[in-house]
Amino acid sequence: MNLTITDVRLTPILVADPPLLNTQGVHQPYTPRLIVEVETADGVTGVGETYGDTKYLELARPFASKLIGRQVGDLNGLFTVADQMAVDSSRVSGQVDVGGLRGVQTADKLRLSVVSGFEVACLDALGKALGLPVHALLGGKLRDAVEYSAYLFYKWASHPEGVVSEKDDWGAAVDPAGVVEQARLFTERYGFKSFKLKGGVFPPDEEIAAVRALAEAFPGHPLRLDPNGAWSVSTSLKVAAELGDVLEYLEDPALGTAAMAEVSAGTDVPLATNMCVTTFAEIKEAFARDAVQVVLSDHHYWGGLRNTQQLAAICRTFGVGVSMHSNTHLGISLAAMTHVASTVPNLHHACDSHYPWQSEDVLSERLTFEDGAVKVSDAPGLGVELDREKLEFLHRRWLDDDGSLRERDDAAAMRVAEPGWVTPGVPRW
Ligand SMILES: O=C([O-])[C@@H](O)[C@@H](O)[C@H](O)[C@@H](O)C(=O)[O-]
Ligand SMILES: [Mg+2]
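Residues numbered from 1 in each chain as written. Chains lettered and ligands numbered in written order. Predicted model: local features only at pLDDT ≥ 70, side-chain atom pairs only at ≥ 80, totals over all residues. Heavy atoms only, no water.

**Student:** Is there a simple way to think about the pairing of strand β10 (residues 247–251) in this case?
**Tutor:** Look at any regular strand and the pattern is simple: side chains alternate between the two faces of the sheet. Counting buried residues in β10 gives five out of five residues, a clear majority hidden from the surface. Pairing geometry for strand β9 (residues 223–226) and β10, over three bridges, is parallel. Bridge assignment links Leu223 to a residue of β10, and that residue is Leu247. In this view, the connection linking β9 to its parallel neighbour β10 by way of helix α7 (residues 233–243) has right-handed handedness. Pairing of β10 with strand β11 (residues 271–273), which is carried by two bridges, proceeds in the parallel orientation. (Buried < 20%, exposed > 50% of the residue type's maximum accessible area, 1.4 Å probe, protein only. Helix = DSSP H or I, 4+ residues; strand = E, 2+ residues; numbered from the N terminus. Pairing = 2+ DSSP bridges. Right-handed = clockwise from strand over helix to strand, strands pointing away.)

In structure tokens form, the structure reads like this:
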């Protein structure tokens, strides 16, 4: 068996996204993703997926060229390559973008997101070569299915007039009744049992009313509200007081560890985050201050599946919960999330997934949710198959784009409907 990497292919694509609202604006009609393929000397190909904005591509291209000749099983070596690139390149070093929905975007975190796409592709190739599923390479699954929550969004019926986009059949959701109707569709279509509402869009009282309506329509089901840090400490405490009896947790009510610690000190409602604990370096302060009770790993920016396991072990050590965050993603990432989640012993909350919002994929067969869960595949590798025609179609869309959609920019998308819109300052309420 020859596990030497002989080829690496990077395919940037644009995938359809519905007009989902968040505190920064609205999703663009198409979102960039990057599909990674690594091929071994024996002709085994592994696939990975990560964020696809230009700043990720600029890191992925030189990274890819450094992998030729390395072993597909040398997963630790991926980080050595990344560290070397950090030393060699000052191009993006120190670049920070405070206030994104994925926490502070440092150059290191961008690099880790790139590494994760390659790590998943290498694990997929290694698993295929050895005839083992990815979960077995990670130590073995502890459950046969991984539970996901319905990810509810305030949403327009369609993208603004004149914007080229795909149609969706979810309808609008801009008030409590619309949110409940959307939740009903989610349960009918996928059987989800817990619900997360993306907040920070309307004044908190309206979002409180929406969560109350969900609690009435789905009594006893776990509920979460995530305004992406849009609230002040006092607003967060008010929401916690009003919804404490129905919330499983409140996700990133206020921005940053200091504000989260203040909220945490004033409520018994557990706080979850994918914004203030997004790197290993951020753990110590957040845990020492008891700022969060649940960390949501995004395996992309945490640097892959094995780093996610390490995060879970640290959380376990400190008695902090762990679950998984998601952004717009396709089936390769859902498969990767499912494999790693199946190996985490302390997974006590359903994971997040945007997947139901994605009508397009690069797989020949989409992954499915049954009773709100994805079955853990025992097929070699990730257990998914790339459909080259679909990949080519979505890549063609990326090639044909004039550049305006190659960076995800929810504020720019909002300006089409509301000229003059700027991402509101924090706290918004
Ligand atoms: O897609 C969105 O609008 C989400 O708000 C996403 O950008 C966040 O990263 C995320 O899902 C979250 O839980 O914060
Ligand atoms: Mg969140």
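Still to come is the rest of the account.
**Student:** When you look at the packing of helix α1 (residues 54–67) against helix α2 (residues 75–88) in this model, what are you seeing that I'm missing?
**Tutor:** If you want to describe how two helices pack, look at the angle between their axes and the distance between the axes. Where α1 contacts α2, the axes come no closer than 10 Å and their chain directions differ by 125°. Put simply, α1 runs oblique to α2. As for the relative orientation of α1 and α2, their crossing is right-handed in sense. Where α1 abuts α2, its residues Leu59, Pro62, Phe63, Lys66 and Leu67 lie against Leu78, Val81, Ala82 and Met85. Here the residues of the contact of α1 with α2 sort into eight nonpolar, no polar and one charged. (Axes fitted to C-alpha atoms, helices over the stretch in contact; angles between N-to-C directions. Parallel < 35°, antiparallel > 145°, perpendicular 65-115°, else oblique. Left-handed = near helix turned anticlockwise from the far one by under 90°. Contact = heavy atoms within 4.5 Å. Nonpolar A, V, L, I, M, F, W, Y, C, P; charged D, E, K, R; others polar.)

**Student:** Would you mind showing me how to read the site of ligand 1 here?
**Tutor:** Surrounding ligand 1, one finds 16 residues, the nearest of these being Asn22, His27, Tyr151, Lys196 and Asn228. Within the contact set of ligand 1, an oxygen atom lies 2.9 Å away from a side-chain nitrogen or oxygen of Lys198. Between ligand 1 and the protein, one listed contact pairs an oxygen atom with a side-chain N or O atom of Glu251 at 3.1 Å. Here ligand 1 loses 99% of its free accessible area of 340 Å² to cover by the protein chains. The set of elements that each furnish at least two residues to the shell around ligand 1 consists of β7 (150–153) and β8 (195–198). Classifying every residue of the shell around ligand 1 by side-chain character gives three nonpolar, eight polar and five charged. Both domains that meet at the shell around ligand 1, namely domain 1 (5–135 + 387–399) and domain 2 (139–375), each give it at least three residues. (Near = heavy atom within 4 Å. Polar contact = N/O pair within 3.5 Å; in protein donor to acceptor, adjacent residues only side chain to side chain. Areas by Shrake-Rupley, 256 points an atom, 1.4 Å probe, with all protein chains shown as cover. Domains from an automatic or database assignment.)

**Student:** Which parts of the structure should I look at to understand the UniProt feature "domain: Mandelate racemase/muconate lactonizing enzyme C-terminal" (unreviewed entry) in the protein?
**Tutor:** Annotation from UniProt places "domain: Mandelate racemase/muconate lactonizing enzyme C-terminal" (unreviewed entry) at residues 176–270. What you have in residues 176–270 is 52% helix and 14% strand, and the ends, taken at the C-alpha atoms, are 23 Å apart. (UniProt positions renumbered as here; feature names shortened; annotations may be inferred.)

**Student:** What exactly am I supposed to notice about the environment of His135 here?
**Tutor:** By the element assignment, His135 lies in helix α4 (residues 134–137). Accessibility expressed as a relative area gives 6% for His135, which makes it buried. Taking the C-alpha atoms as reference points, His135 and Ala291, separated by 156 residues in sequence, lie 31 Å from one another. When residues no more than four places from it in sequence are discounted, the contact partners of His135 are Gly140, Lys141, His339, Ser342, Thr343, Val376, Ser377 and Asp378. Here the side chain of His135 touches Asp378 through a polar contact of 2.8 Å, side chain to side chain.

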